[in-house]
Amino acid sequence: IRKFSLNFREKLFASFFIVSVIPIVLLAVYTRSFIKNKYDNNFQNEIISDLNLISQTFKTNQLNLNNLDSLSIDQNKLLSRSLGQTDKNFNLFYKTNLVFTTNDELYKSDLVDTRVDEDAYYNIVYLRKDFFSETEEIGMFSFIVGYRPFFDAKNNIVGLMSSQSVYRQNEVNEELTEILTFIFGIYFIVIIIL
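Residues numbered from 1 in each chain as written. Predicted model: local features only at pLDDT ≥ 70, side-chain atom pairs only at ≥ 80, totals over all residues. Heavy atoms only, no water.

### What about the environment of Thr181?
For clarity, the threshold we go by: Each helix is a run of DSSP H or I of at least 4 residues and each strand a run of E of at least 2, with the numbering of both proceeding from the N terminus. Burial status follows relative accessibility: with a 1.4 Å probe on protein chains alone, a residue under 20% of its type maximum counts as buried, one over 50% as exposed, and anything between as partly exposed. The definition of a polar contact used here is a pair of N or O atoms within 3.5 Å, where within protein one atom must be able to donate a hydrogen and the other to accept one, and adjacent residues in sequence count solely through side-chain atom pairs.
Tracing the chain through its elements places Thr181 in helix H5 (residues 169–193). For Thr181, a relative accessible area of 53% gives the class exposed. A distance of 2.6 Å separates a polar side-chain atom of Thr181 from the backbone oxygen of Thr177.

See below:
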């Protein structure tokens, strides 16, 4: 049996490679989690702002929210005109069912359930939270959804409104790709030179 051994130069290179690979992998993992957290916070703040916008739309247009089991044609047109002009994603749930959305393609294709999320309903209706957000997934694709209650004239919760960051994942992936390409590019150049 022939004994496997490395000469000094090979040992030096192997030890340098191992010592330098561990920090670069840790840096990549940290960078990925940092960027994801940064975007999650930005998306959450944007969702809160968007939901404040929809609340103001309801107040401004004095939309009757007492019975939304099925939206009238006028109510649907009003919501479409008010909310459809933005590039934001809005959903309106009366009790537990979806009655209006600016994302018809998501719900018609059965990618997302037309019933309100049970955790959101519990947190908003029973725990009386003013805002609730969570990360949802479609296959390998994840996005943030935020929920707020809306009230009738007697200040009773009649449903939930939501907004989501479903089409914004490309921004995270682009920034992550740029940063990791830069980090690994520099690393491989240094390895080649050494």
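### Comments concerning the sheet that holds strand E5 (residues 157–164)
In plain terms, the rule: Paired strands are those between which DSSP finds at least two bridges. In this description, a line fitted to the C-alpha atoms serves as the axis of each element, helices being fitted only across the stretch in contact, and the angle between N-to-C directions of two axes falls anywhere from 0 to 180 degrees.
What the five strands build is an open sheet, ordered E2-E1-E5-E4-E3; its pairing is antiparallel. A strand with exactly one partner marks an edge of an open sheet, and here the two such strands are strand E2 (97–101) and strand E3 (132–138). Adjacent strand axes in the sheet meet at a mean angle of 30 degrees, parallel and antiparallel pairs treated alike. Strand direction decides the pairing type here: strand E1 (residues 90–94) and E2, joined by four bridges, are antiparallel. Bridge pairing links Tyr94 to Asn97 in E2.

### Comments concerning the pairing of E1
Within E1, five of the five residues are buried, which leaves the element mostly enclosed by the surrounding structure. A two-sided burial pattern is seen for E1, the buried positions comprising Phe90, Leu92 and Tyr94 on one face and Asn91 and Phe93 on the other. The pairing of E1 with E5 spans five bridges and is classified as antiparallel. By the bridge assignment, Phe93 is partnered in E5 with Leu160. Linking two consecutive strands that pair antiparallel, namely E1 and E2, is a turn of two residues; a positive phi of about 60 degrees is found at Lys95 within it.

### Overview of a nonpolar patch on the surface
Rule in force here: For patch detection, residues must exceed 30% relative accessible area and be free of salt bridges, and they are connected within 9 Å for like charges or within 5 Å for nonpolar side chains (Val, Leu, Ile, Met, Phe, Trp, Tyr). Note on areas: Shrake-Rupley, 1.4 Å probe, and residue coverage restricted to the protein chains presented here. One side-chain nitrogen of Lys or Arg within 4 Å of one carboxyl oxygen of Asp or Glu is enough to make a salt bridge.
The grouping of Phe13, Phe16, Phe17, Ile18, Ile22, Leu26, Phe182, Ile186, Val190 and Leu194 at the surface amounts to a nonpolar patch, some 980 Å² of accessible area in total. When contributions to the nonpolar patch are tallied by element, the ones reaching two or more residues are helix H1 (8–61) and H5. With six residues, H1 is the largest single contributor of residues to the nonpolar patch. Mapped onto the elements of the fold, Phe17 is located in helix H1.

### Notes on the pattern of salt bridges
Under the definition given, this model contains two salt bridges. Salt-bridge contacts for Lys36 lead to Asp40; the nearest nitrogen and oxygen are separated by 3.1 Å. One end of the pair is Lys36 and the other is Asp40, both in helix H1 and four residues apart, which spans about a single turn. A salt bridge links Arg148 to Asp130, with the shortest nitrogen-to-oxygen separation between them at 3.1 Å. Here the residue Arg148 occupies a position in strand E4 (residues 141–151), and Asp130 occupies one in the loop between helix H4 (118–126) and E3, the gap between them amounting to 18 residues.

As far as function goes, none of this settles anything; it's purely spatial.
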